[in-house]
Amino acid sequence: MSEQSTNQPPDQGPREQGRQEEGPREQPPEQGRPTVLVTGATGTVGRLVVDGLLAAGAEVRALSRAPERAALPAGVRVLRGDLTDPASLRAALGGADAVFLLWPFAGAEGARAVLEETARHARRVVYLSSAAVREHEREVERLVERSGIGWTVLRPHALAANARRWADGVRTGGVVREAFGAATTAPVDERDVAAVAVRALTGDGQLGAVLELTGPRSMTRSEQAGILGEALGRPVRWEEAGEPEARQQMLDRGWPAAAADGVLRDLAASLAAPAVITDTVREVTGAPALSFHDWARAHAGEFRPTMRAARIHGFGGPEVIRIDTVPRPMPGAGEVLIRVAATSFNPTEAALRAGLLRDLLPVALPYTLGWDVAGTVVGTGPGVTGLAPCDRVIGRVDAGGGGAEYALAPAALLAAAPRTVPLADAAAIPLAGLTAWQAVFEGARLGAGQRVLVNGAGGGVGVFAVQLAKHAGAEVVAVAGPHSAAAVARLGADQVVDRTAGPLAGAVGRPVDVVLNLAPVAPEAAAALVPLVRPGGLLVSVATPVPVPPGVDATAVHLVARNDARQLARLVRLVDSGALTVPVAASYPLDELARVHRDSEAGPARGKITLVP
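Structural notes, computed from the coordinates. (Residues numbered from 1 in each chain as written. Predicted model: local features only at pLDDT ≥ 70, side-chain atom pairs only at ≥ 80, totals over all residues. Heavy atoms only, no water.)

## What about the sheet that holds strand 23 (residues 512–517)?
For step 1, the next point in the chain: Sheet architecture is open: six strands sit in the order 22-21-20-23-24-25, paired in parallel fashion. Edge positions in the open sheet fall to strand 22 (495–498) and strand 25 (554–558), since each of these has one partner strand only. Taking the axes of each pair of neighbouring strands and ignoring which way they run, one obtains an average angle of 15° across the sheet.
For step 2, the next point in the chain: Pairing of strand 23 with strand 24 (residues 533–541) involves five bridges; the strand directions are parallel. For V512, the partnering residue across the bridge sits in strand 24 and is V533. (Pairing = 2+ DSSP bridges. Helix = DSSP H or I, 4+ residues; strand = E, 2+ residues; numbered from the N terminus. Axes fitted to C-alpha atoms, helices over the stretch in contact; angles between N-to-C directions.)

## Thoughts on the environment of A300
For step 1, the next point in the chain: Checked against the element boundaries, A300 lands in the loop between helix 11 (292–298) and strand 12 (306–312).
For step 2, the next point in the chain: Judged by relative accessible area, which is 5%, A300 ranks as buried.
For step 3, the next point in the chain: Considered as a pair, A300 and E230 are 70 residues apart in the sequence and their alpha carbons are 9.5 Å apart.
For step 4, the next point in the chain: Excluding anything up to four places from it in sequence, A300 contacts A231 and L232. (Buried < 20%, exposed > 50% of the residue type's maximum accessible area, 1.4 Å probe, protein only. Contact = heavy atoms within 4.5 Å.)

## A short note on the side chain of D192
For step 1, the next point in the chain: Along the chain, D192 turns up in helix 6 (residues 190–202).
For step 2, the next point in the chain: An unpaired buried charge is present at D192: no salt bridge exists, and R191, the closest side chain of opposite charge, is 6.7 Å distant.
For step 3, the next point in the chain: For D192, the side chain forms a polar contact with the main-chain nitrogen of L290, separated by 2.7 Å.
For step 4, the next point in the chain: Each residue touching D192, except ones within four places of it in the same chain, is listed here: V281, A289 and L290. (Lys, Arg positive; Asp, Glu negative; His and termini not counted. Salt bridge = Lys/Arg side-chain N within 4 Å of Asp/Glu carboxyl O. Polar contact = N/O pair within 3.5 Å; in protein donor to acceptor, adjacent residues only side chain to side chain.)

## Let's talk about the packing of helix 3 (residues 111–119) against helix 4 (residues 135–145)
For step 1, the next point in the chain: Two elements in contact, helix 3 and helix 4, have axes separated by 10 Å at closest approach and are oriented at 25°. Put simply, helix 3 runs roughly parallel to helix 4. In this structure, the crossing between helix 3 and helix 4 has a hand that is right-handed. Two secondary-structure elements touch here, helix 3 through A111, R112 and L115 and helix 4 through E139, V140, L143 and V144.
For step 2, the next point in the chain: Looking at the contact of helix 3 with helix 4 residue by residue, the classes come out as five nonpolar, no polar and two charged. (Parallel < 35°, antiparallel > 145°, perpendicular 65-115°, else oblique. Left-handed = near helix turned anticlockwise from the far one by under 90°. Nonpolar A, V, L, I, M, F, W, Y, C, P; charged D, E, K, R; others polar.)

## Focus: unusual backbone geometry
For step 1, the next point in the chain: Between L365 and P366 the backbone carries a cis peptide bond, its omega angle lying at -5°.
For step 2, the next point in the chain: Mapped onto the secondary structure, P366 falls in the loop between helix 12 (347–354) and strand 15 (367–368).
For step 3, the next point in the chain: A positive phi is found at R445, a non-glycine position, where the angle reads about 50°.
For step 4, the next point in the chain: Along the chain, R445 falls in the loop between helix 13 (430–443) and strand 20 (451–455).

## Quick word on helix 4
For step 1, the next point in the chain: Of all the positions in helix 4, only H136, E137, R138, V140, E141, L143 and V144 are classed as buried.
For step 2, the next point in the chain: Residues of helix 4 that are buried sit in contact with strand 4 (98–101), helix 3, strand 5 (124–128) and strand 6 (150–156).

## Things to note about the side chain of N346
For step 1, the next point in the chain: With respect to the helices and strands, the residue N346 is situated in the loop between strand 14 (335–344) and helix 12.
For step 2, the next point in the chain: Reaching out from N346, the side chain makes a polar contact with the side chain of D372 at a distance of 2.9 Å.
For step 3, the next point in the chain: For N346, the contacting residues outside a window of four places in its chain are W371, D372, L431, A432 and K608.

## Let's talk about the packing of aromatic side chains
For any pair of aromatic rings, geometry is given as the distance between the ring centres together with the angle between the planes.
For step 1, the next point in the chain: A full pass over the atoms with the stated rule returns five aromatic pairs.
For step 2, the next point in the chain: Between the aromatic rings of W166 and W238, the centroid separation amounts to 5.6 Å while the plane-to-plane angle is 85°, which identifies the pairing as edge-to-face. Highlighted residues: W166 in the loop between strand 6 and helix 5 (167–173) and W238 in strand 11 (residues 237–240), separated in sequence by 72 residues. There is no split in this pair, since W166 and W238 are both buried.
For step 3, the next point in the chain: Each ring, one from F292 and one from W295, has its centre 5.6 Å from the other, and the planes form 15°; the classification is stacked. Here W295 and F292 lie together in helix 11, a separation of three residues that amounts to about one turn. Both residues of the pair, F292 and W295, count as buried.
For step 4, the next point in the chain: Over the ring of Y406 we find R328, and its NZ or CZ is 4.1 Å from the ring centre. (Phe/Tyr/Trp six-rings, centres within 6.5 Å; stacked < 30°, edge-to-face > 60°. Lys NZ or Arg CZ within 6 Å of the ring centre and 35° of its normal.)

## Comments concerning the sheet that holds strand 3 (residues 77–80)
Strands belonging to one sheet form pairs held by backbone hydrogen bonds; the direction of such a pair is parallel or antiparallel.
For step 1, the next point in the chain: Pairing is parallel across the open sheet formed by seven strands, whose spatial order is 3-2-1-4-5-6-9. With one partner strand each, in any of the chains shown, strand 3 and strand 9 (209–213) form the two edges of the open sheet. Looking at each pair of strands side by side, their axes are set apart by 20° on average, direction ignored.
For step 2, the next point in the chain: Across five bridges, strand 5 lies against strand 6 in parallel orientation. By the bridge assignment for strand 6, V126 is matched with T152.
For step 3, the next point in the chain: Relative to the sheet, helix 4 contacts strand 4, strand 5, strand 6 and strand 9, its axis offset from that of strand 6 by approximately 160°.

Next up, the structure:
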């Protein structure tokens, strides 16, 4: 809907707001639920009319030029048709009891043919006009009244939804810059317009009525901006623009020049007196009209800054990953907001996406992927100390959310980012680095002179575990695929064993003190690791558990890594000292996250992969 006039037009004639007029006698309703055809079903009011009709038990049809893009609720029959081609309406109108008519054109040409076709099938039409009653709207109203079937005309004054055009300015600077801030309006919530339309389409009243619809209170446009600020919890100020600037804004949004000029005239005229208030919404629906405060609270998210985020709305294959535009979050107590430089891929996230971890890690959908984050602090919540905007940080975000342009994280779980590697590369450290640290120093308690076998040395955790084991003074036997062997050797492994070359026992040689299993292997492959450890040795797994058969002198530990900011800070110090390399195997735009998931399921990932928003 375009901007609606806030004042009753001077040429309205003898019809009074909300008054029943003489018209065709209403036909008795058919047995069973009514069938209603909705035009403009994907628009601001039309979608709500569809929802209301479904709730009322009606059979709903929707007319669309592109049914495949309509995205209407289940149960709606979406039919291809075009108001510029009345012949295309016949199939949609067949058997319809009523029609909700939204005429989206700036002229009335063609409306007569559409209404003649409507009258051949339906017994009632509800036309969404406007209080401005512009020339083409008045002509369509006349055609509706002369259609020979039951009719109702809705004349909403300023729609509350018109405030949506202020969203960009509110998001970026908390400012609404337009003309006529002192113009009065009584904005009507589109939910009320739709509720009245549904009553007229399905009930026994409102026949032959022209219904003027307003909100419950007159207010200036600058007051509306202030109410938006209240709903957002931050100030929104009005900046008065001149008429030429305001006109150009409307033209830039695609408004026809005549429509822009008409709106500006209406706004200028409304400076003189409070807006007209009607009680039509209550009279028709039995409930008081919603206030602009109600509307602002319901739509506050649309006025908050937005961001792109990689989310899943259900469990399944990589195709369930979507890049959505969502409201930018606000940091709460103890939280910081981070502008994300990168996140990284962890194979466990593929299992979460597929629904394999629902019992272990239940998440609320839609869910934003990404357990690693590296970026710059841009905002802090109450109680945060030690971090401030512009600080570069890394962290593991256990609630997810790293796969977005902005992410929330508990300040207490973040560490300063390393200075010696690119910030985006540092996203590879948190989850994999912490897992490797805890496997090496807590699970295995590795020290100088011990011999350790690292299974899965070429993976995201393995590339850190090899280096940390060498840092501890251990002799490292690394098991990796042929494509990772050279990279693992460069990280300091003393011996590299090709996991595809046959049984490991012969290639490994003498038994090791510790086996670190970092790969999700089959149970039989996990069992094959047991003979590699010396009597009294230790098997530590962060992936597939390694069972120790009865009578075998060995201990098995299954380790679940935890978040630990102090350990993360120690990893960063090792990076900055040159003792730890951050091996990023590949980096992709966040848009390609689904591809990364597909590739990981086709074969094990080599090293860490980062994703940049």
